[in-house]
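# Topology and contacts: notes
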Amino acid sequence: MFARLGPWCHDKRRLVLVLWVLLLIGVNAISSGIGNNYKQSFNLPGAESSKGFDILKSKFGGQGAGQSGTIVFRADQGVADPGVQAAMTAMFDKVSKLQGISRVQSPYAPGSERSISAQGAGAGKIAYANVEFPENIDFGKVPAIKDKVEAAIPKVHGLQVELGGQIFAAFKPPTSEVIGLAFAIVILILAFGSVL
């Protein structure tokens, strides 16, 4: 295929140049027409999962219907230590008031005792709080919210706080070497029909 394409491109240089320019103009026109207002919510009307979300909204006030993350913390003196509990409760109150966060379920709240480790070497020293985001959260705003949550972490001796869950996960864009390798594989598949 490329053996025939190369000589044809050489013989029709001006036509190939015009086609490339038209392609470039066409791609730019399509890109401008689409714009940059991308939709970042996902909804399938009529699906069973959508019915489940509707039940969560109507019967449970939307609890559990959105995205979620966790604030995991460990204290050498134990999470029930008055200083640790006061600092973490203040953090949870501050985080729950942030725009874009719908709810924070503290491990100190009644009925949330299972959020505090009860067995093993970390018994009573490790706990977590669930952080709920609305179903229609704009994922472009999540990094700014994460920064505000991290800024609210209290400075208490022996206390370590980490953010967890998919919504707080950091995405690292691929390096140029990975992109180059991916293009090389595609070209090898097209040119020779084999990556090897």
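Higher on the page you've got the structure.
So, how was this worked out
- Residues numbered from 1 in each chain as written.
- Predicted model: local features only at pLDDT ≥ 70, side-chain atom pairs only at ≥ 80, totals over all residues.
- Heavy atoms only, no water.
- Helix = DSSP H or I, 4+ residues; strand = E, 2+ residues; numbered from the N terminus.
- Buried < 20%, exposed > 50% of the residue type's maximum accessible area, 1.4 Å probe, protein only.
- Contact = heavy atoms within 4.5 Å.
- Areas by Shrake-Rupley, 256 points an atom, 1.4 Å probe, with all protein chains shown as cover.
- Pairing = 2+ DSSP bridges.
- Axes fitted to C-alpha atoms, helices over the stretch in contact; angles between N-to-C directions.
- Parallel < 35°, antiparallel > 145°, perpendicular 65-115°, else oblique.
- Nonpolar A, V, L, I, M, F, W, Y, C, P; charged D, E, K, R; others polar.
- Core = buried A, V, L, I, M, F, W, Y, C linked by side-chain atoms within 4.5 Å.
- Phe/Tyr/Trp six-rings, centres within 6.5 Å; stacked < 30°, edge-to-face > 60°.

### Notes on the overall build of the protein chain
- When helices and strands are counted, the protein chain shows 6 helices and 4 strands.
- Taken from N to C terminus, the helices and strands of the protein chain fall in the order α-α-α-β-α-β-β-α-β-α.
- In the protein chain, buried positions account for 22% of the 196 residues.
- Across the protein chain, every contact between residues at least 6 apart in sequence was considered, and the portion connecting residues at least 24 apart equals 69%.
- Carbon and sulfur atoms make up 62% of the accessible area of the protein chain, which amounts to about 14200 Å² in all.

### Points about the sheet that holds strand β4 (residues 159-164)
- Spatial ordering of the open sheet is given by β2-β3-β1-β4, a layout of 4 strands whose pairing is antiparallel. Looking at strand neighbours, the two that pair on one side only are β2 (103-105) and β4, the edges of this open sheet. If you compare each strand with its neighbour and ignore which way they point, the axes differ by 20° on average.
- Where β2 and strand β3 (residues 126-132) come together, 3 bridges link them in antiparallel fashion. Bridged to Arg 103 within β3 is Glu 132.
- Against the sheet, helix α4 (residues 82-96) makes contact with β1 (68-75), β2, β3 and β4, and its axis sits at roughly 165° relative to β1, the strand it touches most.

### Regarding the packing of helix α1 (residues 2-11) against helix α2 (residues 13-34)
- In contact at an axis separation of 5 Å, α1 and α2 are set at 95° when each is read in the N-to-C sense. Our classification of the angle between α1 and α2 gives roughly perpendicular. Counting all contacts with α1, which are made through Trp 8, Cys 9, His 10 and Asp 11, the residues of α2 involved are Arg 13, Leu 15 and Val 16.
- Class assignment for the residues of the contact of α1 with α2 results in 4 nonpolar, 1 polar and 2 charged.

### Observations concerning the nonpolar core
- Counting 27 residues, the largest nonpolar core has Ile 71, Met 88, Met 91, Val 95, Ile 101 and Val 149 as its most contacted members.
- Listing elements by their share of this core, those giving two or more residues are β1, α4, β3, α5 (142-151) and β4.
- Of all the elements, α4 adds the most residues to this core, at 5 residues.
- Apart from residues no more than four positions distant in its own chain, Val 149 is found in contact with Ile 71, Met 91, Val 95, Leu 98, Ile 101 and Leu 163.

### Some points on the packing of aromatic side chains
- Per the stated rule, a full pass over the model turns up 2 aromatic pairs.
- Taken together, a centroid distance of 5.9 Å and an interplanar angle of 55° make the contact between Phe 73 and Phe 92 tilted. One end of the pair, Phe 73, is in strand β1; the other, Phe 92, is in helix α4, with 19 residues separating them in the sequence. Taken as a pair, Phe 73 and Phe 92 share a single burial class, namely buried.
- The interplanar angle of 45° and the centroid separation of 6.2 Å between the aromatic rings of Phe 73 and Tyr 108 together place this pair among those described as tilted. A residue pair is termed long-range when its members are at least 10 positions apart, and Phe 73 in strand β1 and Tyr 108 in the loop between β2 and β3 qualify at 35 residues.
- An aromatic cluster is defined as three or more aromatic residues linked by ring pairs; in this entry it consists of Phe 73, Phe 92 and Tyr 108.

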